[in-house]
Structure formats: C-alpha cells, structure tokens
Amino acid sequence: MIGTSFSFYTPSTERELLITLSKGALPVAGMTDVMVKIRTGKMKAKALSSVSRIESLKGVQMADDAVTIMAATTYTELLENKGLKWRLPILLDAVSEIGSTQIRNRGTLVGNIVNASPAGDGLLVAYLLDGNLEICSNEGCRSVDVRDFVKGPGQVALAPGEYIRSVTLKIPPKDSLYAFVKVGQRSAMAISVASVGVLLRLNAGTIEDFRIALGSVAPTVVRPLELERNLVSLKMEDGLFKTLAGELMNYISPIDDIRASAWYRREVVKRIVENLSVYLKGVEKQ
Amino acid sequence: MKIRFTLNGERLEMDVREDQRVLDLLREELGLTGTKEGCGEGECGACTIIVDGRAVNSCLMLAPELDGRDVITIEGLSKDDEPDPIQKAFVDAGAVQCGFCTPGFVMSTKALLMKNPRPSREEIYKALEGNLCRCTGYVKILEAVENLITKEG
Amino acid sequence: MKLSTGGSVQTDIKGRISEPVERTFDVVGRPVKKIDSMGMILGEPVYTDDMAPSNVLIVKILRSPHAHAVIKRINKDKALKVPGVKLILTHEDVPRVPFTRAGQGYPEPSPYDTFLLDRKVRYVGDAVAIVAGETEEAVDEALRQIEVEYEVLEPVLDFEHAMDEGMPVIHDEPDIKGVYNPSRNIAAHYEMSVGDVEEVLKNCEIVVEGTYYYPRSQHVMMEPHAAFSYLDSNGRLVVVSSTQVPFHTRRILSRIFSIPIGKIRVIKPRIGGGFGAKQAMIVDAYIAAVTLKTGLPAKIVYTREEAFVNTYTRHLMRFTVRVGADRNGKIKAIDMKGLSDTGAYGDHALTTFMVAGSKTLPLYNKVEAVRFSGDVVYTNHPSAGAFRGYGAPQGLLALESVVDQLAYELGMDPVEIRKMNAIREGESSPIFKIMGEGREGVEQVVESCKLHECIEKGMEIIGWKEKWNKKRIEGSKVLGVGVSIAMQGSGIAKVDMASATIKMNDDGSFNLLVGATDLGTGSDTVLAQIAAETLGVDVEDIIVYSSDTDMTPFDTGAYASSTTYVSGNAVKKAAEEVKYQILEAAAEFFGEPMDNLHIEKKKVVSKSGKSVTFADLCTTLYYGSDQRQIAATASFVGEVSPPPFMASFAEVAVDTETGEVELRKFVSVADAGKALNPELALGQLYGATVQGLGATFNEELRFDSRGRPVNASLFTYKIPSRGDHYINNIECHLVDSYEPTGPYGAKSIAEIGIDTPAVTVLNAIYNAVGVRLNKVPVNPEELLKKMEEKK
C-alpha cells in the first residue's frame, strides 16, 4: 500500500501531458524514486502524470557532436543502444552501476537529473558532458544548462506546468580518455561516498581538453571549470595529477553523514585524482 | 480507471484505482499472491514481475501503467502444472530455503533468459543483483541458473 | 566410548544399545530435495499473508515519536470517526499483565517487563495504540487522527553509561518481574569463575588484553512479521502466524488475555525466514486483542521499517578480554568482562549474554582459571533479542581477537596457537556445567569433535602456509590472512523438549506430525529423512505437517540450533516405536516370532520367506483382524548439547589509498556431526556465513542523538546482495563426524556459520596492515585513519 491517495495520469501525447500539468500534476517518468518518496511521506503530490507512454519523448537522437536523450528513455534502453557505446562510453559506465536491472528497466536519466542528488551518477555524467535540458510548458520551450538547472540537493529550476523533453549531452573530443570512479560501500545498489568522472584529451603529451566532475562532495555535483581551463595546454607530466588533487580540495565542501565523514570524502577524492592514470581508459573503437 | 492488459497470457479488462500499486492489484484484487512484498521500495526484488519482457519491481509501479502491456507473474510460468525449467532448476540445485524471495529470483532469471538464452556469468550476476536473499548466500541460486544454461545448451 | 551419555536415544525400543558406528544409510546423508520447495517456487499461497481471508480487519500500530516519554493523554475520538475504523485500543483498554515477548521455555529466563500497551514508551517506535479498520486507508487516516500528549523524558542512549548514577530509569513500573536492578537500568547480571583468575594471570609470562564491540544488526528475513486471527466455530481463538515458536506464542497469549491455553490454537504455515526475529510473540497479541474484542478476523503485516525497529535486533555487546599464557603460547587463564545493550526490553537479555561465554570459552578448555562476568543494560533503543548465533558472535569477536593478539605478541603462527589450546574429542570443559542458558548448564564430554581436521582443511584451502607471514603487495593493496575457531550447541540441554507423532496409513505412507517449526531451513525435510530412514521407506512416503498447536505434539520451537538434534531425536524415537509396532503386528500376522522379521523396502520380510507390504499390513489392521491404528508419539530432551565446531579463514586485500577491504577468500569448515542432508546443511552454512559477512562489512542499525533510527530501510541498511564483491569468494565445507547422541550422528549447523566472519576478517586485516580494528562493520575511513597514524 502506498499510504496516500492521489490522481495518476498516463497521457500519450505532450499536449495531453500539458493539460494534466495545468491541473497541478507533477511530471514523472520511471517513478523508481517518486514511489519511495511518496510512500515514506517525503513527497506529497495530489497528482502525478507519467511521461512514459508519450512516443515523442522516447528514444535517443544522434548528431555529430551531441546526443539527445528523450525524457522517457530508460537506463536499459541507453545500455542497449549500440551508438552510445563509442560515443558516450562514460555515460554507459555510470548508468550500468545505477540501481539494479529492475530499476534500470524503469528509471531514466532525466529523472536522475531532476532528482538532483549530489550522489546521482547520471547527474554527474550530465555535468561532465555539458548537459543541456529542453524544458517545455504551455508557453513554449527553453533550454537550460544542467549546471544552472540544479540549485541544490533535491532542488531544481522546474516551474509548475513545465516538463523536461530531453537532455542533450556533448560528445567528447575524439580519442578522449575517460574514467568513472566510485568509492563506497562495496556492494551493488549502494550509493557511493564519493564519485569522480574525468575526460581527458591528449595531443602528443599535451592536454587539449580536460574535464572533471565530483559527486557527493558538495550540495550538488562539482565541476571546477576554472581549474579545468588552467590545465589546457599543459604538458602531461608526473606530479600533475597530484597538484590537481591538491587544488581540487578548494572546490569541494563535503559534509559528515551516516556514510562517511567530510575528512574521508576529501581524502578519497584526493587519492583517486592523484592516481587518475590508473583509472583512465580509452574509448573502444566502433 | 479502466485498463486492459494481458496477464499470464490471458486478456483482462478491469477497473483499477489510479494510485494502486501493481503489487497490490496482483495480490489483493487478482489473488495472485506469488508476488511478494519484502520492502516496498525496489530494493529486495521479491515483487519482481515481467512487463513487456522486462523485469520490474511491481511495488514501484502503478496499476494504470499496465494498460496495454503484457504482464507475466510467477503464477504464469508453469504450464498445465508443469513447472518452468527455471523453477525445476532452482528446486534441483537446492536454491530454495525459506522461499520468500524465490519467485522474484525466478522472474528475474526468466526475464534474462527471454532476452538472452546464453548469458555469461557476469550477465547472470547483473540480472540478479536486484534480488535479495537472506537464507542461501546466493551460491545455490547461481548454481541453479548456471546448471540450467549448461543443460539447455 | 561412553554410549549412555545421551540418554535413551541410542537404545532401541527393547532397550538394546544400538550401534553408534557409521553404517550405510538409505535416506539420511543424501541431498534429498527440500520437500516443500515446489509449492514455494510455483508461487502457491503458502505464507501467512497469502492465506489471510479477504474480509479481515487491517490492524496497524500507532508508534511513539519519542525515545522515552510518558503518555499524558490520548484522544481517539476523531480517529474513531474515520469511516471504516472499527476499533482503537490504548493502554487504558487492554489488560495490564507483565510478560516477555521472548519465546523461551517456561518459566522464561527473560524478565516480565513488557505490557501489551503501556503508559510509558521506551523507544522511538514503541507501541501506543492498536488500530483496526476495514481498509488500510481508513487505518492510516485514523493513525494520523489520534491525538497523543506526551511528557518527554530524557532518553538513555549510550549503553556504556546506562548504569551511571542519576541516569533516567527506563523501567520504573512497580509490577514488572525478574529485572535484576531496574533502578540502575540493569536487566540482568551474571558472573562465574573457575579457579583464581587474578592469581593465575599474575603468574603468566604474558597477558594480553583487548576491548571489542559487536553492533546492533538486524535479521532482515525476507518475510516481515505477519499474522491473522479469527474465532473458530466453537469460539476459540485461532492465530495463523509467521513464528518460530507456536507453542510459546499460545502460552504467552493465554497469559496476556487470561484465557485458557485450550481456547487458543496457533498455526504456523511456511515461514519466510526468521533467524531469531520470530523466536518471540511479536505481532500476535495485537490482532488477538482485536479479534477477542470484536469477534472479527484481524490481520497485521509489518512493513520493512517495522521489521527493522519493532521486532528484535542483535544485542550490541562490548567485551574486554584478558588472556594469560606461558611463553610457548599455552593459554592459562581467560577473563571476559562484558556489557550488553538489550534496548527497551529485556528479551533474551541474560541468555544471549551467557551464550557469549558458554559458546566460546569451552574452545580453550585447558585453562587453569576462567572468569566471565558483566551486565545487560536497558537503553531507549528498540529491543534486542534472539538472533542467529545468540551472543556467540559477540563473545567470539572479542575472544578470538585477543587470542590472535596473543599469537602475534609471541611471534607465533595464529593457527598453531589455536591448535595447541583448542578442545579435542573426548575432552570436557567446566563451562558446560556452570553456564547454561539462564541457569546452570549440564556436564558433558565432547564425544564428537573434528575441530583440528576443520583447521587443517581450511588452512589448505586458503593456502595458509604460503600466505601467512609473507608481505604481499599489489599496487595500493596489501594482502593478509586471518583465522578463527568457533563452536555452538545443539539445543538447550535439559530444557528444550520436542515431540513427534507418526501414524501409519493403509497405503504404507506415514503422517509425521511435529511441533518443530520449519522456518525455511528445510527441517521438515530432514525430519522426514530421519523418519524414512528408521522406517525403511522413501522420503516421499512421509507426509510432514508442522506446526499447529491443535494437531501436532509439543515442541519448544525452532531456535538454539535444536531442530535436527532435539526434534530429530524425537522423530527417530517415534519412528522406532512405530517400527516396533509394525514388526509386532507382522509377527502376529505371520504367526512367527519377531526375531525372525526385518524391514526391507516398505515390506516386512521373514526368515521363513514370508513377506507383507506395509500397505497390506496396514489395510489388514484397518479392516481385517485385530484392528488398530499403528501410531506413536515420542518426546526427547537432550541430556547434553553437543557442540558443532568450525574453523574459518579469510584472505583480504586492504587498499591503503581508501581503507577499503576486499575479501579475496573466505573459508569455513564445520563439524556438524553426520550431515543428514548435506545440501541443506551446506545451505545453512553458506547462508550464515554471508549473513555474518554482512555484519562484517555493512550492517549496523543506527540512531540519531534523539534515538530515532536513521537507516531502518533496505535502501539505507545494506544486506549482502548478489553484487557484493565477496559472494563468489566463499567456500564452505563439512567435515563428517559422528555424534553418538545425535539422530544418526547429527549435531547442529544452523547458527555456527555466523559466529566467525567478523573476527576472521579483522584478524586478516591485522595480518595485512598491522591495524587491529575493535569493531564491525569494518569502516574504511577508520581503517585509513589508523593506517595513517601507523605511518
């Protein structure tokens, strides 16, 4: 029993969706988090409207430099999408560790972003790949960077009557190396105490592109753009990651919670970054 | 609201409450008590059913979402009192102790084999990581699935 | 070898001593398929909630938001107006009878410190009101509408200060019974000693000491507690319950409601696991109260959160252990001083505490002096209670850590020090006599003990000789190995009684009616094997029914590793008696002396060449001449409680960058006597091992500073899953021995596996990185800090 009563709509078009939203319904997708929140009283909703039957919100669109993932696309559908394997392997690495098969069969990347958990693996990758959301309402559609969309833990800039159509992720430069590292309870379905995502493009030993996103070490995912820019054009040398790790400490503000202390989170992030060369891997060819 | 769906091969049309969980619909309205509730939050997998060929937690799904879908529950696996080979394999391997988690494990295995009749060890692990068992330590459950694949192959 | 130790079991029906030597068996010792597994796997309605009638009242409990408070006023007027609500009971409406929920033999060694509903609440989640209604929605709404005014009291949350002068008193009600010292929050106290411990320690060449903690973990059986009740056509109360103790439940209900035992029937269907959490009357009285008041059927099904908070946890225990030895490693004295946190109620308080000593200290039986002492205190936490291992994992964590310390201090191989000091077959320990469960124990000689074989086999599998004392490094990881040994019991000697009834049918099949409570372990199957073996039939010829207080004879229930040994012996005795009756009847039938006859494949065969099938014989007895029912009931009480033994080994890789511990290998080798069903026995061992590893790496029920649970869900309290890294790295083995007092040589296996994982892993971590953690779950952060400090 879910313990509370509410209306539930299953529109089959975006137009119908908008009508339900105008009646005060909240847009939902796989509901893997929403159902738990309602049941435990952490979320109160009079009405929910599921996007999962809307054909126009399903699927993945590939462009040369970006991939657009529609709101109703499940994690499993992403994992089964052959085109993503070489375009966005880091996304698949992260997604394959989210929840369980049952959860991945229902949960969506857009849902993970709207959840805005600082520990969200999908959210971290969306930060790293310069994710951009298409948000629509009766007034039309707007586009917002994921970084601007997320305001804090569980807080996002989604107004009543709005829904997310899609998220567009940029394909990293060709031949980028990548790493997605989680430290946490050594178990499946566990939330990590800290996570690190990195993209690195080298040209003859010189850094051409560098991106890093950190999870569970601040109210939301951290992407230190300034620090990233400072690395570009530097020679890839011993000790570089060590310096980077030290500087990163100024960008994070972890807290003590039931899973780990702030000290430990800093410590493991530092050590992972110092040893990044161990974790970086190349993209498998098409 | 009115929904139509296929349940264990049979076409059904019924009135459901919008905010009713699929788990409660199955257990309370349809009397299909083989699907169990172990946590109500998608962690234990005891409520696993197959919807359109995929394993899902019926505790995290609302009844209207079944409209137009093909649903299989544990009760739909045995044909004319003949258990599914997966069910036989679990019994033969001694993978059943208290049995409360077992229908969920069987359904996850079924969904895996429907998509992929020859899964690798890794694929089996991945498919079963959303099902918790407190009695067996998982060893015999894996043995059951692996025995089945070897035998079938 | 003495054969008389175990009482009457080795003597057959005519008093002859049967052969306790190994012989070939037809049914026992074989991996017979679990007889009830097909129904379970087909999804048949076999569990409590599956069988509940649909017109049943839904019952839920209003729970306290405060850890310690007095209820000043309850107003249920608004709640009673919610449509569909039938009944709301508060402490003003129910009988005030002190009892213990603990499902133990009568009189229980647990204090009577609990009331069905009380004026005072003692932990966050304590029961305030019972609400019954026609629908779940109505009941939920009523729960929201009940107004309660509390006087909030200071809670006692730190068990190490619960006895301090001036602490709030948790149990100040005058009508409780059996609490050691309520004004100091002491539920129970125990001390015993053999020899002069201080004197012997003083004369030891080396004394090592350590203090260790084992946390408040939770059983997390997959089926939360559930029960439904109704009045039968004669007005008797029927309770169908997911319980390990149907007979104790019947007795406790009779006490609470002052109704005769004969007016109550408790039925146990299939159980979705228990592990001790159901060795109690947890939910039954709530629905019984509703049914007795309304005359209507009522049902309660706990949520997972309630299963975490409102049933039992393991007792959080702290032990300080001192071990004295000579410089060769011969242990001369052991001193164990403990403190246990029983939470708000003293369920199993004294007995789990004593087991922490009684099921560990006999391992080192060659000491000159030994002492065990300490207190069990109340705190404003959920009640602790029975949990697989029952105190032994807590005691063993400390004892086996300190024995390990001793080995390293002496520069000895930790395996060698254990081999040198551990108990052997034919030996005894004074502990057996002194420490029972809640009272004096029973003297016993260990007649079957293959502990040293277990150690040898485990050493070989883990590769101890090649790995111990070798610095092995892989990148940022350092490897190490650890060892521990353990024992348990087989039922509670001279306390636990089991009985079985067998009756013969005219097709040659037999009904086996047992009070023994299969809670998912497969004990019905093992008991059927014992009956089949004795009667010379197949398992399929035995129809098992368990358990139903109207239909099956008394059994204390499924706990204390008792079912195979105690209930098994009862089944064997009943089967032997039935077998005698069959031979007697056949002798009359043939007109020959009984000595001429023997049983062979469902037939009685005579030396004269005559034979009669069981079916024909029984049909004749039903309808022909000298008509009668062949049937027998037999009971068994253990004169001893033969311990199973076990050795465990772990290999870990400690990441010096993150403090994370990877379990590369875990091996447990157990001597459970003759394994009557090796597959089910190994299933117990693997399951207990993984449950123990959960406590080692993840599991601890935690609370905030106001006593509110913070991880009472499967999302936040992680039990081992298929995805845990160590699941593939576990190996369990059985070393066969033969326990002369056991049914066909069997001892117990259900609990022992959970005793060792924590301490074995901690010992392996020490071997790897030289840091000795003093508690589980292993906290990577703490380990990292300690490694840093060591640098």
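Fair warning: this is a prediction, and the values are worked out from it, not measured in the lab. (Residues numbered from 1 in each chain as written. Chains lettered and ligands numbered in written order. Predicted model: local features only at pLDDT ≥ 70, side-chain atom pairs only at ≥ 80, totals over all residues.)

Draft legend 1. The arrangement of the domain arrangement of chain B in detail. Residues and elements named next belong to chain B. Taken domain by domain, chain B holds domain 1 (2-76) and domain 2 (85-152). Spacing between the C-alpha centres of domain 1 and domain 2 amounts to 21 Å. With three residues, the top contributor of residues to the side of domain 1 that touches domain 2 is strand β3 (residues 48-51). Considered class by class, the residues forming the side of domain 1 that touches domain 2 number seven nonpolar, six polar and three charged. (Domains from an automatic or database assignment. Helix = DSSP H or I, 4+ residues; strand = E, 2+ residues; numbered from the N terminus. Nonpolar A, V, L, I, M, F, W, Y, C, P; charged D, E, K, R; others polar.)

Draft legend 2. Expanded view of the sheet that holds strand β22 (residues 603-606) of chain C. Residue and element names in this part refer to chain C. Judged by pairing direction, the sheet is antiparallel, and its three strands sit side by side in the order β21-β22-β23 without closing on themselves. At either end of the open sheet lies a strand with only one pairing partner, and these are β21 (597-600) and β23 (611-613). Each strand axis lies, on average, 20 degrees off the axis of its neighbour in the sheet, ignoring direction. The sheet strands contacting helix α17 (residues 614-623) are β22 and β23, and the helix crosses β23 at an angle near 80 degrees. (Pairing = 2+ DSSP bridges. Axes fitted to C-alpha atoms, helices over the stretch in contact; angles between N-to-C directions. Contact = placed C-beta atoms within 7 Å.)

Draft legend 3. A look at the domain arrangement of chain C. All names here are of chain C. Each assigned domain of chain C is listed with its residue range as follows: domain 1 (48-153 + 219-309), domain 2 (316-492 + 640-790) and domain 3 (497-637). Domain 2 puts 19 residues into the contact, and the matching count from domain 3 is 17 residues. Among the residues making up the side of domain 2 that touches domain 3, the classes are represented as nine nonpolar, eight polar and two charged.

Draft legend 4. Quick peek at the pairing of strand β12 (residues 298-301) of chain C. Residues and elements named next belong to chain C. Here β12 shows two buried faces, one formed by Ala298 and Ile300 and the other by Lys299 and Val301. Taken together, the two bridges between strand β1 (residues 57-63) and β12 define a ladder with parallel strand orientation. In the strand pairing of β12, Leu57 is matched with Ala298. Relative to β12, strand β9 (residues 226-231) runs antiparallel, the two being bridged by four bridges. From the neighbouring strand, Ala226 faces β12, where its bridge partner is Val301. (Buried ≥ 20, exposed ≤ 12 C-beta atoms within 10 Å, placed from the backbone.)

Draft legend 5. Broad picture of the packing of helix α6 (residues 246-257) of chain C against helix α7 (residues 284-294) of chain C. All names here are of chain C. Two elements in contact, α6 and α7, have axes whose closest approach is 11 Å; the angle formed by their N-to-C orientations is 50 degrees. Viewed along their axes, α6 and α7 adopt a mutual orientation that is oblique. The crossing of α6 and α7 is right-handed. Between α6 and α7, the residues in contact are Thr249, Leu253, Ile256 and Phe257 and Asp284, Ala285, Ala288 and Leu292, respectively. (Parallel < 35°, antiparallel > 145°, perpendicular 65-115°, else oblique. Left-handed = near helix turned anticlockwise from the far one by under 90°.)

Draft legend 6. Structural view of the interface of chain B and chain A. Each side of the interface is counted separately: chain B has 24 residues, and chain A has 22 residues. Those elements that place two or more of their residues in the side of chain B that touches chain A are β4 (54-57) and α4 (121-128) of chain B. Ranked by residues supplied to the side of chain B that touches chain A, first place goes to β4 of chain B with four residues. Classifying every residue of the side of chain B that touches chain A by side-chain character gives six nonpolar, seven polar and 11 charged.

Draft legend 7. Focus on the interface of chain C and chain B. Taken together, the contacts link 43 residues of chain C with 39 residues of chain B. Secondary-structure elements contributing two or more residues to the side of chain C that touches chain B are α1 (37-41) and α18 (678-697) of chain C. Counting residues per element, the side of chain C that touches chain B draws most heavily on α18 of chain C, which supplies eight residues. Of the residues contributing to the side of chain C that touches chain B, the split by class is 20 nonpolar, 15 polar and eight charged.

Draft legend 8. How the structure looks around helix α9 (residues 349-358) of chain C. Among the 10 residues that make up α9 of chain C, 10 are buried, leaving the element largely enclosed by the rest of the structure. If you check which residues of α9 of chain C are buried, you get Ala349, Leu350, Thr351, Thr352, Phe353, Met354, Val355, Ala356, Gly357 and Ser358 of chain C.

Draft legend 9. Region of interest: the nonpolar core. Residue and element names in this part refer to chain C. By size, the foremost hydrophobic cluster in this structure holds 403 residues, and its most contacted members are Val59, Ile130, Val131, Leu512, Ala531, Val652 and Ile765. With 11 residues, helix α16 (residues 563-590) is the largest single contributor of residues to this core. For Val652, the residues in contact, after removing those within four places along its chain, are Leu479, Gly480, Val661, Glu662, Leu663, Arg664, Val761, Ala764, Ile765 and Ala768. (Core = buried A, V, L, I, M, F, W, Y, C linked by C-beta atoms within 7 Å.)

Draft legend 10. Focus on the packing of helix α5 (residues 89-96) of chain A against helix α8 (residues 121-128) of chain A. All names here are of chain A. Interaxial distance between α5 and α8 falls to 8 Å at its minimum, and their mutual angle equals 165 degrees. Accordingly, the angle class assigned to the pair α5 and α8 is roughly antiparallel. In this structure, the crossing between α5 and α8 has a hand that is right-handed. From α5, Ile90, Leu91, Ala94 and Val95 reach across to α8, where they touch Asp121, Gly122, Leu124, Val125 and Leu128.

Draft legend 11. Here's a closer look at the environment of Lys23 of chain A. All names here are of chain A. Among the secondary structure elements, Lys23 is positioned in the loop between α1 (14-22) and β2 (26-28). Given 12 C-beta atoms within a 10 Å radius, Lys23 is considered exposed. Sequence-wise, Lys23 and Ser277 are 254 residues apart; in three dimensions their C-alpha atoms are separated by 52 Å.

Draft legend 12. Molecular detail of the environment of Val446 of chain C. All names here are of chain C. Topologically, Val446 is positioned in the loop between α12 (430-434) and α13 (451-462). The buried category is assigned to Val446, around which 22 C-beta atoms lie within 10 Å. Between the C-alpha atoms of Val446 and Pro642, which are 196 residues apart in sequence, the distance is 6.6 Å. Those residues in contact with Val446 that lie beyond four places of it in its chain are Ile423, Glu425, Gly426, Glu427, Ser428 and Pro643.

Draft legend 13. Summary view of the sheet that holds strand β17 (residues 477-487) of chain C. All names here are of chain C. Read across the open sheet, the five strands follow the order β16-β17-β25-β26-β27; overall the sheet is mixed. In this open sheet, the two strands that pair with only one neighbour each are β16 (472-474) and β27 (730-734). Put simply, the sheet's adjacent strands are angled 20 degrees from each other on average, direction ignored. Here strand β25 (residues 645-655) pairs with strand β26 (residues 661-671) via 10 bridges, running antiparallel.

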